[in-house]
Amino acid sequence: MLKKMGEAVARVARKVNETVESGSDTLDLAECKLVSFPIGIYKVLRNVTDQIHLITLANNELKSLTSKFMTTFCQLRELRLEGNFLHRLPNEVSTLQHLKAIDLSRNQFRDFPEQLTTLPALETINLEENDIVAGLISTKQVCQAVMLMIEEVRSSRPQEDVPVEKLATMPALRSVNLRFNPLSPEVRVIAPPLIKFDMLVSPEGARPPPP
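First, a word on scope: everything that follows refers to the structure included in this document. (Residues numbered from 1 in each chain as written. Predicted model: local features only at pLDDT ≥ 70, side-chain atom pairs only at ≥ 80, totals over all residues. Heavy atoms only, no water.)

## Examining the sheet that holds strand E3 (residues 78–80)
In step 1: Sheet architecture is open: 7 strands sit in the order E1-E2-E3-E4-E5-E6-E7, paired in parallel fashion. With one partner strand each, in any of the chains shown, strand E1 (26–28) and strand E7 (198–200) form the two edges of the open sheet. For this sheet, the mean angle separating the axes of adjacent strands, direction not counted, is 5°.
In step 2: Strand direction decides the pairing type here: strand E4 (residues 101–103) and strand E5 (residues 124–126), joined by 3 bridges, are parallel. Within E5, the position partnered with Asp103 by the bridge is Asn126. (Pairing = 2+ DSSP bridges. Helix = DSSP H or I, 4+ residues; strand = E, 2+ residues; numbered from the N terminus. Axes fitted to C-alpha atoms, helices over the stretch in contact; angles between N-to-C directions.)

In structure tokens form, the structure reads like this:
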């Protein structure tokens, strides 16, 4: 056990040093048996954080990410977190104003991480193989959005936030992958007039292929 832990620590140190020495825009810490993001990495990378555009922490054992991670690597274009135990994102994910793609597949999200709707550059959201039952998109919410827009026109009063509307107004969004989530039947209904991106879902009852 101690030998394996030592090997994992050495692997992380080697990969971090490679990023610093090569001036790479990528930090690859996939499959390093991480249960949290090592605090010491912030100090080692303090002079190069702005140049890091891709971080992969795939296939580790992460249960959460801190606000410091998000604010430190605020220049990210891509964040790969698939294959962990994440169930939420910190609110500070909103600082990732340049993020184009995030992979949260094979985690433990039960709710759609609504903070992502604040990211103007985000193009793809991958939430495949999570535990999302009732996501941001449903027939009821689509109807609410339409009714609220009608009421706004009639009464000229401010319109309340509706989750489906937040997704629909994201300027760069192209794809939301919700395959292999236990979605309610309503979530499977796509409303083209309000939703201009691709929403990927599996047939009801479908199961992911074995790893």
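## Some remarks on the nonpolar core
In step 1: Counting 46 residues, the largest nonpolar core has Leu29, Leu57, Phe69 and Leu79 as the members making the most contacts within it.
In step 2: When residues of this core are traced back to their parent elements, those giving at least two are helix H1 (2–22), helix H2 (40–44) and helix H3 (67–72).
In step 3: Setting aside its immediate chain neighbours within four residues, Leu57 contacts Leu29, Ala30, Leu34, Phe37, Leu62, Leu65, Phe69, Arg80, Leu81, Glu82 and Asn84. (Core = buried A, V, L, I, M, F, W, Y, C linked by side-chain atoms within 4.5 Å. Buried < 20%, exposed > 50% of the residue type's maximum accessible area, 1.4 Å probe, protein only. Contact = heavy atoms within 4.5 Å.)

## Focus: the environment of Ala121
In step 1: By the element assignment, Ala121 lies in the loop between E4 and E5.
In step 2: Linking Ala121 and Leu173, residues 52 residues apart in sequence, is a C-alpha distance of 7.6 Å.
In step 3: When sequence neighbours within four positions are dropped, the list of residues in contact with Ala121 reads Gln97, His98, Leu99, Lys100 and Ala172.

## Side note on the environment of Ser202
In step 1: Within the element layout of this structure, Ser202 appears in the segment after E7.
In step 2: Linking Ser202 and Asn181, residues 21 residues apart in sequence, is a C-alpha distance of 7.9 Å.
In step 3: Within the local environment of Ser202, its side chain forms a polar contact with the backbone nitrogen of Phe180, the two atoms lying 3.0 Å apart. (Polar contact = N/O pair within 3.5 Å; in protein donor to acceptor, adjacent residues only side chain to side chain.)

## Quick notes on the pattern of salt bridges
In step 1: Per the counting criterion, the structure on display carries 3 salt bridges.
In step 2: With its nearest N and O atoms 2.5 Å apart, the salt bridge here joins Arg80 to Glu82.
In step 3: Judged by relative accessible area, Arg80 falls into the partly exposed class, the value being 34%.
In step 4: Given a relative accessible area of 4%, Glu82 falls into the buried group.
In step 5: A salt bridge links Arg174 to Glu123; the shortest N-O distance between them is 3.3 Å. In this pair, Arg174 is assigned in the loop between helix H5 (163–168) and strand E6 (175–177) and Glu123 in the loop between E4 and E5, connecting sequence segments 51 residues apart.
In step 6: On the accessibility criterion, Arg174 (52% relative accessible area) is exposed.
In step 7: Judged by its relative accessible area of 23%, Glu123 is partly exposed. (Salt bridge = Lys/Arg side-chain N within 4 Å of Asp/Glu carboxyl O.)

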